[in-house]
Amino acid sequence: MTEQERVTVNDPCGPVNNGMGSQYVFYSVGADWMIRKGVEPLRIVREDRVRLADRFVPPVGYRVAADRLEKPGSLVLLEAPPGSGRRAAAIMLLHELGEDGGADEEGARFEELPATDKDKDEDKVPLAPGEGERFLLDLSGIADEEAYAKAQRRMAVRRSQVQEAGAHMVVVLPSGMEHAHAPELEPHTVKLGRPRGIAVVTRYLRMDRMNFRPADLRGADLQRLYDRSPMRELARLAGLVKAARDSRRFGADFTGWLDQAMHAVTDRAGEVGRQVATVRTAPERALLLATAVFEEARADTVYEVWHDLMRTVRHEEEATTELARTDFGERLAALGIERDSAGRLRFGQLAYADAVRTYFWANFPGTRDDLRDWIGHAAGLRGLTTDDRMNVVVRFGEQSLSVGRPDHLFDLVVRWAGRTTGASCDPRALAALELGLSHEEFGGWFRRRMYECATSGPLPDGLVRVLTTACVQSLGATHPDQAMVRLHYLAVRKGEAAREAGKALLDLAGRDRRLYRLLIDRVRNRTRREPRGAEPHLRLLTELLMSDRAPDPPPWPDLFLGWGTVFSQPPTELWSPLVSSWLNAVAGDSTREIALSVMVGAAHGRTAALHRLYAVACNWAGSARHPSRAAVAAHFWQHIDHAQYARTESTERAGAGPRTAEEAR
């Protein structure tokens, strides 16, 4: 992927206490990334957890929960009001278990479990926890008693698995459902209080290297925010202060920046409502919205997308010539839109564009389909830079998700990816999909849509590439088992994009011994269930079983089962590279000599398969005359001869057995 296609966010900023904020690791989207609303991140990869730890303020009761969680096989249930940072507390409890022992550096599993059956697809992968592994189960989104009862039954099964394995699990309980808690879970429940709001804001500002005095953070208006606002809003306030400083448009002192941030979080919605009420014509409202969505783009580009929006909503073009109308600059000035020295448009007030977008999506629901189609076209205009495009994708995505329309975002993923030519991965489609996957409420919805696509009929190569990359970059970090399932379906298709999916699948499995074993079992089962379509699965299995793909030390029992599947059916041309790779491995490392007997054992009972192995070894030994090759081949032949002798002897004994009762006596 080129530099233009993927730019990393240098220092994304998100709320500290509820797992919210900009924990997306894909595109640079400008200085106001940290002040987004309506997008609930799900990602809990280590880099995000480390950043969260720097900004985390432990709530009341946190230490009690941490002490209970230390014991292997422990379960902790967190009961806390919404907005108190309960999800972030759960993440930090699990994260800190790995810090002193270095578990993270060794690749200890940290995974979020699906809250409901809807998050699962039909290819269910067993939990199978290991010692020291950590699991998060967030049930805070459950709102009815029936769903909560089902979730508690599933939790009970997982609890026993976690306890038996010596793993750790933290569960975030739903608010307002205390009466429905199962009595046996009460001993594991810890009640968390609300962190001090001023401590949260102070921590964020200090991490952003903000110079201020403690007295600057006191005041009646601020105290009301500290006491009542969700943690995400307090973190947003701190992010806005940083945005005001970094913009260099709102003075040079902390007091001025804080004042701008306070107005942004308390007054902007009302200001936008009043402005829209006074702007009655469709062109002016369209220009207001176009600038809000494409803020920081060049004026000529905003002019183009403005007219594109009016065509999309079917506004009739004015009959008079453009020279007879109000000029573009005058229209901008009347709406409070500024044009900077570089010709880029922006609003004069901090976070005003965000409030405009929120207002239009919330108050003009009948236009949402048109807005989707408009963005689908306008985000591809040639006048946009890479950052402009990513800004638009994120802004549209967060608004669609905030009003409960994830389908609009996924529609654009399919549209953009399907139009891609060549071997590239459309960055807009990838950004949109990763945004959806990282959403706390709709992440499961996007995972299901990915599954439906992967298991459907023919797909454009561009969409296969986007799904593959999202599995690698997003799903593989948060839900590796589900990433494996989707990549497997993509990998057994035809075409170059499918081969890329296969490589991504093998790389994913190669990084984790558990996934490696799971994938062997999964592909073996596919070959048995679909004998007529087994060849692509067998080819994938063969690559997976190559010596350079196996973990170190190799999982011999799993390799035995995998080799047995390959050796039990055609095509036999797959055997030669597979067997040769292990003969090479043994020639280079005598500690892997057990591979010879395991391979022969996998073909035991099949004379034709043993003969084929013998022939492969002959060709391998003769291809490069070297003493080490001759010795390895000779040893391999001994194992084959022994297996053939044992089979012959067994057959003879069976054939020589008594045939009648008389002979038996």
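About the criteria used
- Residues numbered from 1 in each chain as written.
- Predicted model: local features only at pLDDT ≥ 70, side-chain atom pairs only at ≥ 80, totals over all residues.
- Heavy atoms only, no water.
- Core = buried A, V, L, I, M, F, W, Y, C linked by side-chain atoms within 4.5 Å.
- Buried < 20%, exposed > 50% of the residue type's maximum accessible area, 1.4 Å probe, protein only.
- Contact = heavy atoms within 4.5 Å.
- Helix = DSSP H or I, 4+ residues; strand = E, 2+ residues; numbered from the N terminus.
- Polar contact = N/O pair within 3.5 Å; in protein donor to acceptor, adjacent residues only side chain to side chain.
- Axes fitted to C-alpha atoms, helices over the stretch in contact; angles between N-to-C directions.
- Parallel < 35°, antiparallel > 145°, perpendicular 65-115°, else oblique.
- Left-handed = near helix turned anticlockwise from the far one by under 90°.
- Phe/Tyr/Trp six-rings, centres within 6.5 Å; stacked < 30°, edge-to-face > 60°.
- Lys NZ or Arg CZ within 6 Å of the ring centre and 35° of its normal.
- Pairing = 2+ DSSP bridges.

The next point concerns the nonpolar core. Grouped together as the largest cluster of nonpolar side chains are 131 residues, with contacts concentrated most on Phe294, Trp563 and Phe567. Beyond its immediate sequence surroundings of up to four residues, Phe294 is in contact with Val302, Val305, Trp374, Ile375, Ala378, Leu384, Val392 and Arg395. Val57, Met210, Ala244 and Leu350 belong to the second-largest nonpolar core, a separate cluster that totals 29 residues.

Burial runs high along helix 17 (residues 427-437): 10 of the 11 residues are buried. For helix 17, the set of buried residues is Arg428, Ala429, Leu430, Ala431, Ala432, Leu433, Glu434, Leu435, Gly436 and Leu437. Summarising the contacts, the buried residues of helix 17 are in contact with helix 14 (368-378), helix 15 (386-402), helix 16 (406-418), helix 18 (443-454) and helix 19 (461-478). One side-chain oxygen at the N-terminal end of helix 17 lies 2.8 Å from the backbone nitrogen of Arg428; it belongs to Asp426.

Okay, the packing of helix 10 (residues 282-293) against helix 13 (residues 352-363) next. When two helices pack together, their arrangement is given by the angle between the helix axes and the distance between those axes. The N-to-C vectors of helix 10 and helix 13 enclose an angle of 125°; their axes lie 8 Å apart at closest approach. If you check the angle between helix 10 and helix 13, you find them oblique. For the pair helix 10 and helix 13, the sense of crossing is left-handed. Taking contact as the criterion, the partners of Arg285, Leu288, Leu289, Ala292 and Val293 in helix 10 are, on helix 13, Ala353, Val356, Arg357, Phe360 and Trp361.

Applying the stated rule across the entire model yields 18 aromatic pairs. With a centroid separation of 5.7 Å and an interplanar angle of 75°, the aromatic rings of Tyr303 and Trp306 are classed as edge-to-face. Separated by three residues within a single helix, Tyr303 and Trp306 lie in helix 11 (residues 299-312), roughly one turn from each other. When its relative accessible area of 4% is taken as the criterion, Trp306 is described as buried. Put simply, the rings of Tyr303, Trp306 and Phe328 pair up and form one aromatic cluster. The side chain of Arg49 reaches across the aromatic face of Phe110, ending 4.0 Å from its centre. Its end group placed over the ring of Tyr204, Arg55 keeps NZ or CZ at 5.8 Å from the ring centre.

A few words now on the side chain of Asp216. On the secondary structure map, Asp216 appears in the loop between helix 5 (197-207) and helix 6 (220-228). By relative accessible area, which is 15% here, Asp216 ends up buried.

Our focus in this paragraph is the pairing of strand 2 (residues 110-113). Because side chains alternate across strand 2, one face comprises the buried residues Phe110 and Glu112, and the other comprises Glu111 and Leu113, equally buried. Pairing of strand 2 with strand 3 (residues 134-138), which is carried by four bridges, proceeds in the parallel orientation. Bridge pairing in strand 3 places Phe110 opposite Arg134.

Moving on: the sheet that holds strand 5 (residues 189-191). On the basis of which strands lie adjacent, the open sheet formed by five strands has the order 2-3-4-1-5 and parallel pairing. The open sheet has two edge strands with one neighbour each: strand 2 and strand 5. Each neighbouring strand pair of the sheet contributes to a mean axis angle of 25°, computed without reference to strand direction. Sheet analysis places strand 1 (residues 74-79) next to strand 5, joined by three bridges and oriented parallel. The residue of strand 5 that forms the bridge with Leu78 is Val190. Contacts between helix 2 (residues 62-69) and the sheet are confined to strand 1, strand 4 (168-172) and strand 5, with strand 1 contributing the most and set at about 160° to the helix.

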